[in-house]
Every structure is written in C-alpha cells, then in structure tokens.
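Breakdown of the fold
Here is how the chains run, residue by residue.
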Amino acid sequence: MTVRTRFAPSPTGYLHIGGARTALYCWLESRHRGGEFILRIEDTDRERSTDAAVQAILDGMRWLDLGHDEGPYYQTLRMERYRQVAEDLVRAGKAYYAYETKEELEAMRSQQMAANVKPRYNGAYRDRAEPLRDDPNRVIRFKNPTAGSVVFNDKVKGRIEWSNEELDDLVIFRSDGFPTYNFAVVVDDIDMKITDVIRGDDHVNNTPRQINIYNALGAAAPAFAHLPMILGPDGQKLSKRHGAVSVMQYRDDGFLPHAVLNYLVRLGWSHGDQEIFSRREMIDLFDVADVNVSAARFDVEKLSWLNQQYLKNDDPAELVPHFLWHLDAAGYDVASGPAPADVIVALRDRARTLKEMAEKAAVWYGPIREWDDAAVAKHLKSATAVPALKAVHARLAAVAEWNVENVHKAIEAAAAAIGEGMGKVAQPLRVAMTGTQVSPSIDHTVFLAGQSRAVARVEEALKRIGE
Ligand SMILES: Nc1ncnc2c1ncn2[C@@H]1O[C@H](COP(=O)(O)OP(=O)(O)OP(=O)(O)O)[C@@H](O)[C@H]1O
C-alpha cells in the first residue's frame, strides 16, 4: 500500500513555525517511505478563512520547497460529499436527525453544570428515528458507541485508550449545511486514502471520536502520529493567535529556507548529535516514530547559528537567488554592482543572515550614505593619508584585469612606493571605500566596488581631505 500523508491547515492566517514543522514531518514521512504527500485546505470555518491566508500557506510551502503530489483540495468544494456521507450514515442507522433548539441545548447544559456533571448531549433524539424535515435547528448527530473504549497506538505518544462513556453523540452535520471538523476530516482522509495522519497533538482528543466514525463508515483507521507542540519563548503554544510569526517573515529576516527546515527537523527529532542535515539526509533518516514526546521551544538563536553554517558552507552560486531577493528588497541597483556570489564570499563569515549581508553590501551597490566621523578623523586626517591615497589611486586606475589578486598587488605597490606598511594604505582606503573602518579584507572591499567606483571613491576621499 502506498504511504500517503497529508498536511491540512486551516486558512485562518499565515503558515507559522508550528504548522511548518508539521508540514515538514508529513512531507518527510511520505518521502522516506516512498509515498505521496497531499495538501488539503480546511476552509470550512467561513468566518475565519480567507483567500489571502490560502495564498500565504501556499507561498510558505513553496518557499520551504515542500512540494505536494496531490491537491490542494479544498473542503468547501466537497460539501456535497459530506452531506451525502452524513445522510448515508442516517440511512444505515448510525447517525440521526436531531432538532433541539439553541435554548433547549443551553438548558441541557446548565442543568448538567448545576448537577456537577460534564456537559454532553443527552441523546434525546438518538432512538427516535425522526424523519428529515425542514427545520432551522436540524442537525445530524453521530451515534457514538455507548460502551467499550477506543484504543489506538499513537506512533509518538504510544498506546491511548479512551472510554466511549466520555464521548457523546457529536454533531457531524450542522443546521447551516456545513459538516463539523471531526466529520469532514474523516471523510476526507478516507476519500484521499490517507494511511498516516500526522498532526499536532492539539488534535489528539479528536482522534477517538474520529476512529468511531471510521468504524461506522466501515473504513480502516489510518496510523496516527500526534506531534508535541512547539512553544514560544514564553512557554505557550505557538499559534496564529499567539506569538507565532509567518515563515515568510523568516525569509524577510534573511534566513535560508533549508536552514529553517534543518532547524525545524531538529526541533522534536534527532539523529545522534548531528545538527546539520541536508534534505537528502533528512529524507533518509527521518522516521516519525522517533519524534520526541516532549514539547520543544522555539529558539531563534539556534536558527541563526544554523543559518550562518549554511551561509558559510553552501556553494555561493546556490545562495545567489536567495541573496538577490534581499538585494532587490533593499532597493539596490544590482546591475551596477558586483556579482552577488562575490559579495557572498566576502561577507559570509561576517553575517548571520542574508538581510545583514545585504545591509553590509550597500556600499557596493550605491553611494556611501553615511560617513563615520571617528573613522574619517582617524584615518583620512592622518599624515600619511594623502600620499597613501594618491599612490594607490594611480595604481588602482592602472590595473589591467580587475580581480582580488591584482587589487592586492596594487595596494602593496602603493605601500612600497611611499615606504610604509600595507596598513597605512589600507586604513584610509577602507574609509574611502565604505565611509567606515569596518569591512571585509581590504582587497575584497576594493575589488567589490569595481574599478571605476573604487577610483572615484579615492578621488572623493582626497577631495574630502582637501576640504
Ligand atoms: N505550535 C504548534 N506546534 C506544533 N504543531 C502545530 C502548532 N500549531 C499548529 N500546529 C499543527 O499544524 C497543523 C496546522 O494547524 P492550523 O492551520 O490549525 O494552525 P493553528 O496555528 O493551530 O491555528 P489556530 O491559530 O487557529 O489555532 C495542525 O496539524 C496543527 O496541529
């Protein structure tokens, strides 16, 4: 049987770290076992679902490169199917119409509360076999077994047993013509031939009810794996409504999608003490049964560390598309500056994110916007600044083939010509190139400016000193 997993978010907001890790684990489990991954949008909450949120989820999945083999399916396009299955269950005597008014249901609830018993539907219509009639209060309720218990072996949490006495006859089809969550999910998971339901453990209490519905529909229940929650720094569950930010915010903040995936895979799963996993390794090694039982806390420091590992070690050519996004977002005229891969090589040890890298690269893609007064005072006003800049100006202008090596030679020759060490040339030159005294190696700093910009900046610095 082909393994089929699904990720089933509700489009009530963006895709956040908690949802994204669930998506990743579903995707990995399907890939690891040579199966298929299905995307399903659970959009039956009409008040909270929006098209913008659907788009945000699709964007997040695409950015993380978690491709699906089927879908996205939309629950709102399957309404007839839910109605049909619910009515089939009524015909089979496994579900029934109930017609209590809101007031009656409320009265039932307050009586039970007063008697100190857990509020539950009292089953008033269960055995009445009331026919279908037009009534705004009409719902379909599921005949939950009244005795025995539901047992399942959760792949993460182990054996779970739930007494049927705890479960009442839940509404599966509402008076407004919409299915309820637990019912739609089961119909979908059966129709979509899902073999492994992997989801957050905020759903674990729903599972016994769902298994009873599987049984009533004569379908085998899938394997279940309920993942512990990801908590925010405050220890609370991350959710759209609390503390979570969109995964796309991590793109905007300069993280690489594969660094985020690597971070997420480790947040709740491990393989010895290995920290860095390529996509291939994740697929080969991941098994949902190995997921930790305890909740994990989101830690942006660790994510930053991982991101920097990838910035340092990836082939610069592979980083270019991601870096370009940031150069564009910063509004730089990319065509007027150095090749992005060269900037990456120069800055990869100095930046933890692509955003930081882009900020540091500003001086190579446009004018120097800010001059550090202390740097100017110290290095451009020094006694050797003018002869050093003049000597290097001539030699940079004369470089025939502009590369890091020849830039280095030009600086070396300028230092020799004025009888000083490299530093005496490098420091004023660095301020001339960047307006500051911090930048990568002087050779790279000058090289990245490009020949004409570098020469012009030396002239500008000389003018500044003249003033
Ligand atoms: N903090 C979290 N940690 C781990 N998994 C989560 C977390 N939040 C959601 N999930 C899981 O992600 C999947 C998609 O969830 P869903 O779209 O309902 O998002 P949500 O943030 O829980 O929504 P809401 O803010 O409405 O509660 C579900 O399997 C859910 O269990």
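Residues numbered from 1 in each chain as written. Predicted model: local features only at pLDDT ≥ 70, side-chain atom pairs only at ≥ 80, totals over all residues. Heavy atoms only, no water.

When its secondary structure is counted, the protein shows 20 helices and twelve strands. Dimensions along the principal axes, computed over C-alpha positions, put the protein at roughly 105 × 45 × 40 Å. Taken across its 467 residues, the protein has 51% of its residues classed as buried. Considering only intrachain contacts with a sequence separation of at least 6, the fraction spanning at least 24 residues in the protein is 77%. In the form shown here, the protein has an accessible surface area of approximately 21400 Å², with 49% of it arising from carbon and sulfur atoms. Of the side-chain charges in the protein, 58 are positive and 66 negative, and the distance between the mean point of each set is 1 Å. (Helix = DSSP H or I, 4+ residues; strand = E, 2+ residues; numbered from the N terminus. Buried < 20%, exposed > 50% of the residue type's maximum accessible area, 1.4 Å probe, protein only. Contact = heavy atoms within 4.5 Å. Areas by Shrake-Rupley, 256 points an atom, 1.4 Å probe, with all protein chains shown as cover. Lys, Arg positive; Asp, Glu negative; His and termini not counted. Charge placed at Lys NZ, Arg CZ, Asp CG, Glu CD.)

Let's shift gears to the domain arrangement of the protein. Split into domains, the protein comes out as domain 1 (1-232), domain 2 (314-365) and domain 3 (373-466). Taking only C-alpha atoms into account, the centre of domain 1 sits 46 Å from that of domain 2. (Domains from an automatic or database assignment.)

Strand order in the open sheet formed by three strands is β4-β5-β8, and the pairing between neighbours is antiparallel. Of all strands in the sheet, those with a lone pairing partner are β4 (95-98) and β8 (171-173), marking the two edges. Taking each pair of neighbouring strands and ignoring which way they run, the sheet shows an average axis angle of 45 degrees. Here β4 pairs with strand β5 (residues 139-142) via four bridges, running antiparallel. Counted as the bridge partner of Y96 is R141 from β5. (Pairing = 2+ DSSP bridges. Axes fitted to C-alpha atoms, helices over the stretch in contact; angles between N-to-C directions.)

Following the UniProt record, one finds the feature "short sequence motif: 'HIGH' region" (unreviewed entry) at residues 9-19. Secondary structure across residues 9-19 comprises 27% helix and 0% strand; the distance between its end C-alpha atoms is 7 Å. (UniProt positions renumbered as here; feature names shortened; annotations may be inferred.)

Next up on the list: the pairing of strand β9 (residues 196-200). Most of β9 is tucked away, with five of its five residues classed as buried. Taken together, β9, helix α6 (residues 207-216) and strand β10 (residues 223-227) form a β-α-β motif whose crossover is right-handed. (Right-handed = clockwise from strand over helix to strand, strands pointing away.)

Taken together, the neighbourhood of the ligand is formed by 20 residues, with H16, G200, D202, I230 and L238 sitting nearest. Here a nitrogen atom of the ligand sits 2.8 Å away from a polar atom, N or O, in the main chain of I230. A distance of 2.6 Å separates a nitrogen atom of the ligand from a polar backbone atom of L238. Protein contact buries 91% of the 600 Å² of open area that the ligand shows by itself. Only α1 (17-32) and β9 provide two or more residues apiece to the shell around the ligand. Per-element tally for the shell around the ligand: the top contributor is α1, with three residues. In terms of residue class, the shell around the ligand is made up of five nonpolar, nine polar and six charged. (Near = heavy atom within 4 Å. Polar contact = N/O pair within 3.5 Å; in protein donor to acceptor, adjacent residues only side chain to side chain. Nonpolar A, V, L, I, M, F, W, Y, C, P; charged D, E, K, R; others polar.)

Counting residues in hydrophobic clusters, the biggest one holds 105 residues, and the most contacted among them are L389, L396, L429 and V446. Per-element tally for this core: the top contributor is α1, with eight residues. Beyond its immediate chain neighbours, meaning those up to four positions away, V446 contacts L396, W402, V407, I411, L429, M433 and A454. (Core = buried A, V, L, I, M, F, W, Y, C linked by side-chain atoms within 4.5 Å.)

Buried residues dominate helix α8 (residues 257-266), accounting for nine of its ten residues. Among all positions of α8, only P257, A259, V260, L261, N262, Y263, L264, V265 and R266 are buried. The positive-phi residue at the C-terminal boundary of α8 is G268, with phi of around 125 degrees.

With that settled, consider the packing of helix α15 (residues 373-380) against helix α18 (residues 422-434). Two numbers describe a pair of packed helices, the interaxial angle and the distance between the axes. In the contact formed by α15 and α18, the axes pass within 9 Å of each other and the chain directions differ by 145 degrees. When the axes of α15 and α18 are compared, the crossing they make is left-handed. Here A375, V376, H379 and L380 of α15 come into contact with α18, specifically with Q427, P428 and V431. Considered class by class, the residues forming the contact of α15 with α18 number five nonpolar, two polar and no charged. (Left-handed = near helix turned anticlockwise from the far one by under 90°.)

This part takes up the packing of aromatic side chains. Per the counting criterion, the structure on display carries nine aromatic pairs. With a centroid separation of 5.6 Å and 50 degrees between ring planes, the pair formed by W269 and F286 is classed as tilted. On the criterion of sequence distance, the pair formed by W269 in the loop between α8 and α9 (279-285) and F286 in the loop between α9 and β12 (296-297) is long-range, its members being 17 residues apart. Note on accessibility: W269 and F286 belong to one class, buried. Taking NZ or CZ as reference, R128 lies 4.0 Å from the ring centre of Y125, over its face. The residue whose ring lies beneath R133 is Y99, and the NZ or CZ to ring-centre distance is 3.8 Å. (Phe/Tyr/Trp six-rings, centres within 6.5 Å; stacked < 30°, edge-to-face > 60°. Lys NZ or Arg CZ within 6 Å of the ring centre and 35° of its normal.)

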